[in-house]
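# Architecture at a glance
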Amino acid sequence: MAAVVAIGFISSAHAQSLPGGFVYLRDIDPSIVQDIRYATSNNFIGRPLAGYGAGECVVKREVGLRLKAVQEELAGQNLSLKMFDCYRPARASLDMVKWSQNGHETAAERRYNPKIAKTELFRLGYIASRSQHSTGAALDLTLVDLKADNSGRYDPSRTYADCTASVETRAPEGSVDMGTGYDCTDTKGHTAAPSITPEQRAWRRRLVAAMARQGFVNYSKEWWHFSLPGAGGAAYDFPIQPRMK
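Here's a quick rundown of the structure. (Residues numbered from 1 in each chain as written. Predicted model: local features only at pLDDT ≥ 70, side-chain atom pairs only at ≥ 80, totals over all residues. Heavy atoms only, no water.)

## Quick notes on helix α4 (residues 90-100)
By the burial criterion, the buried members of α4 are Ala-92, Ser-93, Asp-95, Met-96, Val-97, Trp-99 and Ser-100. Residues of α4 that are buried in the fold lie against α5 (107-110). (Buried < 20%, exposed > 50% of the residue type's maximum accessible area, 1.4 Å probe, protein only. Helix = DSSP H or I, 4+ residues; strand = E, 2+ residues; numbered from the N terminus. Contact = heavy atoms within 4.5 Å.)

So, in structure tokens, the structure goes:
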């Protein structure tokens, strides 16, 4: 396993604002792109989730150090990590449970699970009522090609194709084309899905390999989900607050 790079200076004010060895990823590596989707309306529920008071990636310190090492490797290839979700307050997972049981599905919600009823998402292993994210050791992320045009932005007034559609018709994410959008609960979102193009498969393998070199393990049903074995522990429920400047 590659050695983890040493952490730079983190102010005591930042360190004291989070419990249990958690840190703001921005304090470890500000070059890593962040698009924390559950702090916005651009997600499968269509609103910010409970506990997401800021769009900040919060992780356990060791996780942050290893992400920094991954980022330094990618920088030489004109690539960057892009974080979609990091630490997730336990209340947010309960928010997901309530959403799955509310008895209706909107067209916007169906973009994320076009073939599966949302009541089935927990049973099929796409969403967990007790998530590893709440330990600070699980992450949702992708790759950004820094040489590409990443200016496309999600427009809530537009109607997009579902997450399995072509990259030109589904909601823009400012990242490489992995074959589906983020949080796509479909077999096409499985990491080793045979129904994607060779180029999309190559991007997935590249991401998995880069993360694996720092000890991260991919979840086979979600190309974007990784965890660091042994770095978790207890689940937490503290809210994500704006990072002190």
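## Quick notes on the layout of surface pockets
Gaps between atoms show up when a probe of the same size as a water molecule is rolled over them. Estimates place the volume of the largest pocket at around 310 Å³. For the largest pocket, the lining is made up of 22 residues, of which Arg-88, Tyr-126, Ile-127, Ala-128 and Glu-222 are closest to its centre. Elements with a contribution of two residues or more to the lining of the largest pocket: α4 and β7 (222-227). Along the lines of polarity and charge, the residues of the lining of the largest pocket split into eleven nonpolar, seven polar and four charged. Looking at the second largest pocket, it is lined by 19 residues, and the ones nearest its centre are Val-167, Pro-172, Glu-173, Gly-174 and Ser-175. (1 Å grid on protein atoms, 1.4 Å probe; cavity = no way out; pocket = protein on both sides within 12 Å on 5 of 7 lines; lining within 4 Å. Points joined across faces, edges and corners; volume = space filled by probe spheres on them. Nonpolar A, V, L, I, M, F, W, Y, C, P; charged D, E, K, R; others polar.)

## Regarding the pairing of β7
Burial analysis of β7 places six of its six residues in the buried class, which makes it a mostly covered element. Here three bridges tie strand β5 (residues 138-145) to β7, and the two strands are oriented antiparallel to one another. Across the sheet, Ala-138 pairs through a bridge with Ser-227, a residue of β7. In this structure, strand β6 (residues 217-219) lies alongside β7, joined through three bridges in antiparallel fashion. Paired with Tyr-219 across the strands is Glu-222, a residue of β7. Hairpin remark: β6 followed by β7, antiparallel, with two residues in the connecting loop. (Pairing = 2+ DSSP bridges.)

## Regarding the sheet that holds β5
Spatial strand order, β2-β4-β5-β7-β6: five strands in an open sheet with mixed pairing. Each end of this open sheet is capped by a strand with a single partner; those strands are β2 (33-34) and β6. Against the sheet, helix α3 (residues 61-75) engages β4 (79-85) and β5, with an angle of about 145 degrees to β4. Where helix α6 (residues 198-212) meets the sheet, its contacts fall on β4, β5, β6 and β7, and the angle it forms with β5 comes to roughly 125 degrees. (Axes fitted to C-alpha atoms, helices over the stretch in contact; angles between N-to-C directions.)

## Description of the pairing of β5
A regular strand places its side chains so that they alternate between the two faces of the sheet. Counting buried residues along β5, eight of its eight residues qualify, which places the element largely inside the surrounding structure. The alternating pattern of β5 places Ala-138, Asp-140, Thr-142 and Val-144 and Leu-139, Leu-141, Leu-143 and Asp-145 on opposite faces, both of which are buried. Where β4 meets β5, six bridges bridge the pair, whose relative direction is antiparallel. What sits directly across from Met-83, in β5, is Leu-141.

## A short note on the side chain of Gln-34
For Gln-34, the location among the structural elements is in strand β2. A polar contact is formed between the side chain of Gln-34 and the side chain of Arg-26, at a distance of 3.3 Å. Within the structure, the side chain of Gln-34 is placed 2.8 Å from the backbone nitrogen of Cys-57, a separation counted as a polar contact. (Polar contact = N/O pair within 3.5 Å; in protein donor to acceptor, adjacent residues only side chain to side chain.)

## A look at α3
The end-to-end C-alpha distance of α3, which contains 15 residues, comes to 21 Å, matching closely the 21 Å that a straight helix rising 1.5 Å per residue would cover. Along α3, the residues classified as buried are Val-63, Gly-64, Leu-65, Arg-66, Leu-67, Lys-68, Ala-69, Val-70, Gln-71 and Leu-74. Buried residues belonging to α3 abut α2 (25-28), β3 (58-60), β4, β5 and α6. (Expected span 1.5 Å × (residues − 1).)

## Side note on empty space enclosed by the protein
This model, assessed by the stated rule, comprises one cavity of 30 Å³ or more. By volume, the largest cavity is sized at about 90 Å³.

## Thoughts on the state of the cysteines
Enumeration over the complete set of coordinates arrives at two disulfides. For Cys-163, the disulfide goes to Cys-184, at an S-S distance of 2.1 Å. What sets the handedness of the Cys-163 and Cys-184 disulfide is the S-S torsion sign, and at about 65 degrees it is right-handed. You can see Cys-163 sitting in the loop between β5 and α6 and its partner Cys-184 sitting in the loop between β5 and α6, a full 21 residues away along the chain. For the residue pair Cys-163 and Cys-184, the accessibility class agrees, reading buried in each case. Disulfide partners in the protein chain, listed by the sequence order of the bonded cysteines, are 1-2, 3-4. (Disulfide = S-S within 2.5 Å.)

## Overview of the packing of aromatic side chains
Applying the stated rule across the entire model yields 14 aromatic pairs. On the basis of an interplanar angle of 65 degrees and a centroid distance of 5.3 Å, the ring pair of Phe-22 and Tyr-87 is categorised as edge-to-face. Pair noted here: Phe-22 is in strand β1 (residues 22-24) and Tyr-87 is in the loop between β4 and α4, with a separation of 65 residues, a long-range link. Per residue, the accessibility class of Phe-22 equals that of Tyr-87, and both read buried. With a centroid separation of 5.0 Å and 80 degrees between ring planes, the pair formed by Phe-22 and Tyr-236 is classed as edge-to-face. One end of the pair, Phe-22, is in strand β1; the other, Tyr-236, is in the segment after β7, with 214 residues separating them in the sequence. The rings of Tyr-38, Phe-44, Tyr-52, Phe-84, Trp-99, Tyr-112, Tyr-182, Trp-223 and Trp-224 are connected pair by pair, giving a single aromatic cluster. (Phe/Tyr/Trp six-rings, centres within 6.5 Å; stacked < 30°, edge-to-face > 60°.)

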